[in-house]
Each structure stands twice: as C-alpha cells, then as structure tokens.
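Given next are the chains, with one letter for each unit.
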Amino acid sequence: MCRNLLYKELCLAAHPSLYVFMATGALVLIPAYPYGVVFFFGALGIFQSCMFDRETRDIYYTALLPVRKRDVVRGKLLLAVFAQLVQLALSLPFAFLRTLYLHQGNPAGIEANTAWYGFGLLIYGVFNLVFFPRFFRTAYRAGTAFLAALVPVVLGVTAMEAAVHFPGMAWLDSIAPEDLIRQVPTLLAGAAAYAAGTAGAFVLSARRFEKVDL
C-alpha cells in the first residue's frame, strides 16, 4: 500500500519544482553560503506540491480511489519524507567533497557536518508537525499552513546558524574527526525528533482530514 501511494504521488502529485528543490543539497559545496537555506528550499518544495495538488484537485481524486481517507494523508506525508530524506542523502557526497577540497571554514554559518544534518532533521520534523495538520484541516489552504510552518523553520535555521558563534559551541561548526564524533548525539536527537514529529503529523492530520467534507 505505502509503495503504491508513494508511486502515485511521485508520478501524478509531485510538482516538478519539488525535484529541483531536492537537488539543492548540492549547495553545501558553495563556499561562504548559509547552508540552513537548504532546509527552507526543502519546505518550499513541499508547499509547491500541495498548492499543485489543490489546483489539480489531486486530493479529491485520491479520495475517490479505493483507499481510506487516512491513506490520502499517508501518501502526502510519504512524498514529503521521500523528498526530505533524498535531499539530505544527495547532499552527502557534496559535503564530503567540501571537506576534502575546501579546507577553509564557512564564515556564513555552520559547516555541512554531522550536527548540520541533525539540526536539519529536527527542522523538518517540526515543519511536518505544523504544516500537515494545519493543511489537512481543509485540505485546501496550503498558503496559511505554510506561513505557520515557516515560523519555526526560520527560527530553527536562525538558531542553528547563530549557535556556532557562541563561546564553547565551536565544536558544532567543526569538521575535525573528534568533533564529528562528538556531534553524533545531535544527529541522533534530530533523527528522533524527525520521526516523532512526522508520526505526530500523520496522527493529527488523519484525525482532522476525517472530518473534512470534500
């Protein structure tokens, strides 16, 4: 079921810009660039797809298929998770190339290191938790849902970029092997927050969408 739902979303519901934004993980190769912007692009791609779904009445079409209403929600979240995780996975080789060939630090903010991935997962988890339950109140008002979810995204990115400039927090901005190991708990905490936020988003969204009269 999940495989078929995701296949349908990728083929029919995903806006073409979503695939472009998935590739923005490569921006970590740019010197002196605020890498937190990558997460904004990821959120923007999901918003664009939900707007596209509204205009094409994709949610109404999906609800007419032999699936439950909660499966409609599941499909949209599967697409979001796929886009977010693929974006981060695609950024990995570029982060390694940066480490190998660009030895200077990033004056614009945090490095693309283990902590950056942990913060990214946390930001995406919070975005999912705010955006999808609000969107599925009506399955129509994607704009207001995105504006509400954009607030914690901007705050999270700002906090991440600012944290590395505080005394005693420089290890979050490091790519030294010992500091990368020290950052692993940040990655694990971000992964746990992402899983919890996305699971919570599904439960709340499904509950609200059950009450929507399409």
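Below is a summary of the structure that appears in this document. Not measured: the values here are computed from a predicted model.

1. Quick notes on the overall build of the protein
Then, in step 1: Check the secondary structure of the protein and you find nine helices and zero strands.
Then, in step 2: Against the compact-globule benchmark of 17 Å for 214 residues, the protein has a radius of gyration of 18 Å, which places it among compact chains.
Then, in step 3: Principal-axis analysis of the C-alpha atoms places the extent of the protein at approximately 55 × 25 × 25 Å.
Then, in step 4: When the 214 residues of the protein are sorted by exposure, 45% land in the buried category.
Then, in step 5: When the accessible surface of the protein is split by element, carbon and sulfur atoms take 71% of a total near 10300 Å².
Then, in step 6: Taking the 17 positively charged and 12 negatively charged side chains of the protein as two groups, their mean positions are separated by 11 Å.

2. Topic: the pattern of salt bridges
Then, in step 1: Under the counting rule described, the total for this entry stands at nine salt bridges.
Then, in step 2: The partner of K8 in a salt bridge is D58, and the shortest N-O contact between them spans 2.8 Å. Taken as a pair, K8 in helix α1 (residues 2-13) and D58 in helix α4 (residues 58-64) lie far apart in primary sequence, 50 residues in all.
Then, in step 3: Judged by relative accessible area, which is 5%, D58 ranks as buried.
Then, in step 4: In the salt-bridge network here, residues are joined through shared partners; they are K8, E9, D53, D58 and K76.

3. Here we look at the environment of V164
Then, in step 1: Along the chain, V164 falls in the loop between α7 (142-163) and α8 (177-182).
Then, in step 2: Overall, the relative accessible area of 8% leaves V164 in the buried class.
Then, in step 3: Between the C-alpha atom of V164 and that of K211, which follows or precedes it by 47 residues, the distance is 44 Å.
Then, in step 4: For V164, the residues in contact, after removing those within four places along its chain, are G109, I110, M169, A170, L172 and D173.

4. Examining the nonpolar core
Then, in step 1: Judged by nonpolar contacts, the single largest core of 55 residues is most densely connected at W116, F131 and F132.
Then, in step 2: At the level of secondary structure, the elements contributing two or more residues to this core comprise α2 (16-22), α3 (37-56), α5 (69-101), α6 (114-135), α7 and α9 (184-209).
Then, in step 3: For this core, the element with the highest residue contribution is α6, accounting for 10 residues.
Then, in step 4: Contacts of W116, omitting those with residues within four sequence positions, involve V28, Y35, G36, V38, F39, L88, S91, I110, E111 and M160.

5. As for α3
Then, in step 1: Taking 1.5 Å as the rise per residue, α3 with 20 residues should run 28 Å; its terminal C-alpha atoms sit 29 Å apart, in good agreement.
Then, in step 2: Along α3, the positions that sit buried rather than exposed are V38, F39, G42, A43, L44, G45, I46, F47, S49, C50 and D53.
Then, in step 3: Looking at the buried side of α3, the elements it contacts are α1, α2, α4, α5, α6 and α7.
Then, in step 4: Two residues or fewer past α3, R57 is found with a positive phi of approximately 55°.

6. Details of the packing of aromatic side chains
Then, in step 1: In this structure the tally under the stated criterion is 13 aromatic pairs.
Then, in step 2: Between F39 and Y124, the ring centres sit 5.6 Å apart and the planes meet at 85°, which makes this aromatic pair edge-to-face. Linking F39 in helix α3 with Y124 in helix α6, this pair joins segments that are 85 residues apart in sequence. Residues F39 and Y124 agree in their burial class; the two are buried.

7. Notes on α1
Then, in step 1: Taken together, the buried positions of α1 are occupied by L5, L6, K8, E9 and A13. All buried residues of α1 project into a common sector of 160° when viewed along the axis, lining one side. For α1, the exposed residues set more than 90 degrees away from the buried face come down to R3, N4 and Y7.
Then, in step 2: The inward-facing, buried residues of α1 abut α3, α4 and α5.

Calculation rules
Residues numbered from 1 in each chain as written. Predicted model: local features only at pLDDT ≥ 70, side-chain atom pairs only at ≥ 80, totals over all residues. Heavy atoms only, no water. Helix = DSSP H or I, 4+ residues; strand = E, 2+ residues; numbered from the N terminus. Rg over C-alpha atoms; globule rule 2.2 N^0.38 Å. Buried < 20%, exposed > 50% of the residue type's maximum accessible area, 1.4 Å probe, protein only. Areas by Shrake-Rupley, 256 points an atom, 1.4 Å probe, with all protein chains shown as cover. Lys, Arg positive; Asp, Glu negative; His and termini not counted. Charge placed at Lys NZ, Arg CZ, Asp CG, Glu CD. Salt bridge = Lys/Arg side-chain N within 4 Å of Asp/Glu carboxyl O. Contact = heavy atoms within 4.5 Å. Core = buried A, V, L, I, M, F, W, Y, C linked by side-chain atoms within 4.5 Å. Expected span 1.5 Å × (residues − 1). Phe/Tyr/Trp six-rings, centres within 6.5 Å; stacked < 30°, edge-to-face > 60°. Arc of directions from axis to C-beta.

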